[in-house]
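# Remarks on the overall topology
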Amino acid sequence: MELNPKILKMWSMFGCRNAFGTVLTELAKENESIFAMTADFTKSTGLQKFSELFPDRYLSAGIAEQHMIGLASGLATEGYQVFACSFASFIATRCYEQVKLNLGYMQQNVKIVGIAAGLGVSHQGNTHYGLDDVSLMTTIPNMTVIVPADVAEVAKATEALSKMQGSAYLRVIGEGGVPMVYQDDYDFEIGKGIVLREGTDVLIVANGTMVAKSMAAAEQLAEQGISAEVINMHTVKPLDTELLAQAVKGKRLVVTIEEGFVHGGLGSAVGEWMMAQGQMPKLIRMGVEDKFPHAGSYEYLLEQCGLTTEQIVEKIIKNK
C-alpha cells in the first residue's frame, strides 16, 4: 500500500483506529480471506465501511470477547485471515484464557487488535485504560506483539500482519490528532526496530505515542550537549536484539519509554535481554509505574505518569 504525506496528515487528524479500519478495508478488496470481527465496536474500530462492503466477512459478536475469540479460532481453521478487534482493556484481559489456548497454543492465524490502548480515553478511567495489554500478550507463546508509533505505522503493521501466518497482537494507541513520526512512505518489517536518530551518549528505545515524545526529548537534550539515539521498537515480541546489541555500544545510559505498565512491557523485554548480556549500561524504564492513574485529561495523565517530553528530558539529565 502506497502512503503519501496528504493521506497521512488526514489520517493523523482522525486517529490510529480509523487508519486501521480504512487500511483493513482496502486490503480486504484484494484479499478475500480477510475476515473482521468486533465486540460491538464497529464504528470505534473504523470498520463501518468494511461491514457494509463485506457483510459476509464481518461479524459483531456483541459484548462477548471470549465468544469472539472462539469464533475467530474456528474461522481461522476454515482458512480465513481473521482480525478480531475490541478495546485493549477488554480484549487483552477479559478473554486472556481464550487467546492463550485458542490462538497461542493452537497457533491460529488470528490477529488480535486492541484499540484505545494506553491512556488515550482519558476521563473514562481505569476500567478503559489499556495498560497491561502488552505485558499479558508477550507472555503467550507464538504471539507476535506490535505497538505502532503513528498512523503510518498502523497502516504498515496492518498490511504486514495481513500477510503473516500465526497469532499476533496489534496495539492501536492514540486518539485523534496523533503526532506524525513518519511523514511519507517507508520500509516496515515485523521484528525489526528502526533507528530514527543517531546518538552517542544515550540510547532511547520507545514505541507507540512515546516515539514522538522521545524524538522531541532528543532535540531538547541536544541543546544541552547530550547526544541521544532514538529507536522505534515497534515490535516488542520478537524483540530486535541484533539492533540493540549494536545500539548500546558506547552508550552511558539506556532509557525505555512506553505508554503502559513498565512491568512486563517493552522496558522489561529490553531489561531481560540486557541482563543476559552481562556488562551493560545503566537502564531506566519509563512508563506507568505500579499504580492506577487518577482519571483526567490525556496531558494530565501523561504528567501524572512522568511521560511528558519535559519529564523525559529531566529524568535523562538526572541519570546520565
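Up top is the structure these notes are about.
First things first, this report covers the structure right here in the doc. This structure is a prediction, so every number in the text was calculated from the model and none was measured. (Residues numbered from 1 in each chain as written. Predicted model: local features only at pLDDT ≥ 70, side-chain atom pairs only at ≥ 80, totals over all residues. Heavy atoms only, no water.)

## Overview of helix α4 (residues 65–77)
Under the 1.5 Å per step criterion, the end-to-end length of α4 is 19 Å for 13 residues, consistent within 8% with the ideal 18 Å. Within α4 the residues assigned to the buried category are Glu 65, Met 68, Ile 69, Ala 72, Ser 73, Leu 75 and Ala 76. All buried residues of α4 fall inside an arc of 165° around its axis, so they share one side. Here the buried face of α4 lies against β1 (34–38), β3 (81–87), α5 (88–91), α6 (96–105) and β4 (110–117). (Helix = DSSP H or I, 4+ residues; strand = E, 2+ residues; numbered from the N terminus. Expected span 1.5 Å × (residues − 1). Buried < 20%, exposed > 50% of the residue type's maximum accessible area, 1.4 Å probe, protein only. Arc of directions from axis to C-beta. Contact = heavy atoms within 4.5 Å.)

## What about the sheet that holds strand β6 (residues 167–173)?
One open sheet accounts for 7 strands, arranged β2-β1-β3-β4-β6-β5-β10; its pairing is mixed. Each having just a single partner strand, β2 (58–60) and β10 (235–237) make up the two edges of the open sheet. When strand polarity is set aside, the average angle formed by the axes of neighbouring strands in this sheet is 20°. The strands touched by helix α8 (residues 151–162) are β1, β3, β4, β5 (143–146) and β6; relative to β3, the strand with the most contacts, the crossing angle is about 140°. (Pairing = 2+ DSSP bridges. Axes fitted to C-alpha atoms, helices over the stretch in contact; angles between N-to-C directions.)

## Quick look at the side chain of Thr 42
Mapping Thr 42 onto the fold places it in the loop between β1 and α3 (48–53). The class of Thr 42 is buried, set by a relative accessible area of 17%. Once residues lying within four places of it in the same chain are set aside, the contact partners of Thr 42 are Leu 47, Gln 48, Ser 51, Tyr 58 and Ser 60.

## So, the nonpolar core
Ranked by size, the top nonpolar core spans 71 residues in total, and within it Phe 20, Phe 50 and Ile 257 carry the most contacts. For this core, the element with the highest residue contribution is helix α2 (residues 16–30), accounting for 7 residues. If we skip the residues at most four places from it in the chain, Ile 257 touches Ile 204, Val 205, Ala 206, Asn 207, Met 210, Ser 214, Leu 266, Met 286, Leu 307 and Ile 312. Formed by 44 residues, the second largest nonpolar core is a distinct cluster that contains Ala 39, Met 137, Leu 203 and Met 274. (Core = buried A, V, L, I, M, F, W, Y, C linked by side-chain atoms within 4.5 Å.)

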